[in-house]
Amino acid sequence: MINELLGYERIIENKDWATVLFVFSLAIIAITRSAFEARFVDFSKLIISDKYNKIYKDSSHLLSWFNIGLVFVQFVSLSFFVQMILAYAGIGSKYDWILFIQIITIISVFVLGKFLIEKIVGVTFDIEELIEQYNLQKVNYRTYVSLCLLPVNMALYYMDNLSNLFIYGLISLVLILNIITYLNSLKNYQKFIIGKLFYFILYLCTLEIAPYYFVYYWYTKT
């Protein structure tokens, strides 16, 4: 019985699964950059220039191979980041691949489910065009932040004994970046929003604020 438990622990604590995912994610980024060189260059400047959003603002780009590949990397990066934070908070292990599968499943279902519901709401309230373009910008910014987080996740994974100040600072930086990108998205579509202000406020309350509140409530009560 003890040997079986020790064997199970060794499987969980194996680091190779993370290395494979890191290499696979970097390979996807490299392939995407090679296949869409000009687009990737514009995307890499997203934090300092709005050129990418203006060129690729059509909602059809949301399901392009460029976005599909990078969204996969986004899910991997976000999941690793959440797991690293949980590990440093003493909740779970950063080497636990089962925990990673659970996290990436929750994030994927949450993001994709939210996306589908938003499309339904957009059609219902006759703001489909606004919601699709707004979602596209959110995906762009979230993917950009996630790609920036990937090397940080690698450092967090392979380094130990990092100070709490560093961890808290990193969390604060990620939150600030997300708030800035979120406000940029609102600014870019302020003309559309003003014309559909009531519906957009309803959208914000039901699909932007409420889901995160329920996630926070569930987390604090478990």
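Structural data are supplied above this passage.
Note that the structure is predicted; figures quoted are calculated from it, not measured.

1. Here we look at the overall build of the chain
Link 1 in the chain: Assigned secondary structure in the chain consists of 10 helices and 0 strands.
Link 2 in the chain: Moving toward the C terminus, one meets the helices and strands of the chain in the order α-α-α-α-α-α-α-α-α-α.
Link 3 in the chain: Residues classed as buried in the chain amount to 41% of the 222 residues present.
Link 4 in the chain: Look at the contacts in the chain between residues 6 or more apart in sequence, and 78% of them connect residues 24 or more apart.
Link 5 in the chain: Counting only carbon and sulfur atoms, one obtains 70% of the accessible surface of the chain, whose full area is about 13300 Å².

2. Re the packing of aromatic side chains
Pairs of aromatic rings are described using the distance from one ring centre to the other and the angle between the two planes.
Link 1 in the chain: Overall, the coordinates contain 19 aromatic pairs when judged by the stated rule.
Link 2 in the chain: Measuring from ring centre to ring centre gives 5.6 Å for Phe36 and Phe66, while their planes differ by 85 degrees; the resulting arrangement is edge-to-face. One end of the pair, Phe36, is in the loop between helix 2 (16-35) and helix 3 (37-44); the other, Phe66, is in helix 5 (residues 65-88), with 30 residues separating them in the sequence.
Link 3 in the chain: Between Arg39 and the ring centre of Tyr56, over which it is positioned, the NZ or CZ distance is 4.4 Å.

3. What about the environment of Thr19?
Link 1 in the chain: Among the secondary structure elements, Thr19 is positioned in helix 2.
Link 2 in the chain: Among the residues examined, Thr19 registers a relative accessible area of 32% and is labelled partly exposed.
Link 3 in the chain: For Thr19 and Tyr158, which are 139 residues apart along the polypeptide, the C-alpha to C-alpha distance reads 9.7 Å.
Link 4 in the chain: In this structure the side chain of Thr19 is engaged in a polar contact, spanning 2.6 Å, whose partner is the side chain of Tyr158.

4. Some thoughts on the pattern of salt bridges
Link 1 in the chain: One pass over the full model with this rule turns up 1 salt bridge.
Link 2 in the chain: For Lys51, the salt bridge identified is with Asp42, shortest N-O distance 3.6 Å.
Link 3 in the chain: For Asp42, a relative accessible area of 13% corresponds to the buried category.

5. A short note on a nonpolar patch on the surface
Link 1 in the chain: A contiguous nonpolar patch, built from Phe36, Trp65 and Ile68 and spanning about 330 Å² of accessible area, is present on the exposed surface.
Link 2 in the chain: If you trace the backbone, Ile68 turns up in helix 5.

6. Remarks on the packing of helix 5 against helix 6 (residues 97-124)
Think of two packed helices as two axes; the pair is described by the angle between the axes and how far apart they sit.
Link 1 in the chain: Helix 6 packs onto helix 5 with a crossing angle of 125 degrees between their chain directions and a minimal axis gap of 9 Å. When the axis of helix 5 is compared with that of helix 6, the two are oblique. Viewed along their axes, helix 5 and helix 6 form a crossing whose handedness is right-handed. Seen from helix 5, the contacting residues are Phe75, Val76, Leu78, Ser79, Phe80, Val82, Gln83 and Leu86; seen from helix 6, they are Leu99, Phe100, Ile103, Ile104, Ile107, Ser108, Val111 and Leu112.
Link 2 in the chain: Across the contact of helix 5 with helix 6, the residue classes tally to 13 nonpolar, 3 polar and no charged.

7. Some thoughts on helix 2
In an α-helix, one turn spans 3.6 residues; hence positions three or four apart end up facing the same way.
Link 1 in the chain: Its 20 residues give helix 2 an end-to-end C-alpha distance of 28 Å, which sits within 8% of 28 Å, the value for a rise of 1.5 Å per residue.
Link 2 in the chain: Regarding helix 2, the residues found buried are Trp17, Ala18, Leu21, Phe22, Ser25, Ile28, Ile29 and Thr32. Down the axis of helix 2, the buried set is contained in an arc of 140 degrees. They therefore lie on one face. Exposed and oriented more than 90 degrees from the buried face of helix 2 are Asp16, Val20, Val23, Ile31, Ser34 and Ala35.

Basis of the calculations
- Residues numbered from 1 in each chain as written.
- Predicted model: local features only at pLDDT ≥ 70, side-chain atom pairs only at ≥ 80, totals over all residues.
- Heavy atoms only, no water.
- Helix = DSSP H or I, 4+ residues; strand = E, 2+ residues; numbered from the N terminus.
- Buried < 20%, exposed > 50% of the residue type's maximum accessible area, 1.4 Å probe, protein only.
- Contact = heavy atoms within 4.5 Å.
- Areas by Shrake-Rupley, 256 points an atom, 1.4 Å probe, with all protein chains shown as cover.
- Phe/Tyr/Trp six-rings, centres within 6.5 Å; stacked < 30°, edge-to-face > 60°.
- Lys NZ or Arg CZ within 6 Å of the ring centre and 35° of its normal.
- Polar contact = N/O pair within 3.5 Å; in protein donor to acceptor, adjacent residues only side chain to side chain.
- Salt bridge = Lys/Arg side-chain N within 4 Å of Asp/Glu carboxyl O.
- Patch = residues over 30% accessible without salt bridge, like charges linked within 9 Å, V, L, I, M, F, W, Y side chains within 5 Å.
- Axes fitted to C-alpha atoms, helices over the stretch in contact; angles between N-to-C directions.
- Parallel < 35°, antiparallel > 145°, perpendicular 65-115°, else oblique.
- Left-handed = near helix turned anticlockwise from the far one by under 90°.
- Nonpolar A, V, L, I, M, F, W, Y, C, P; charged D, E, K, R; others polar.
- Expected span 1.5 Å × (residues − 1).
- Arc of directions from axis to C-beta.

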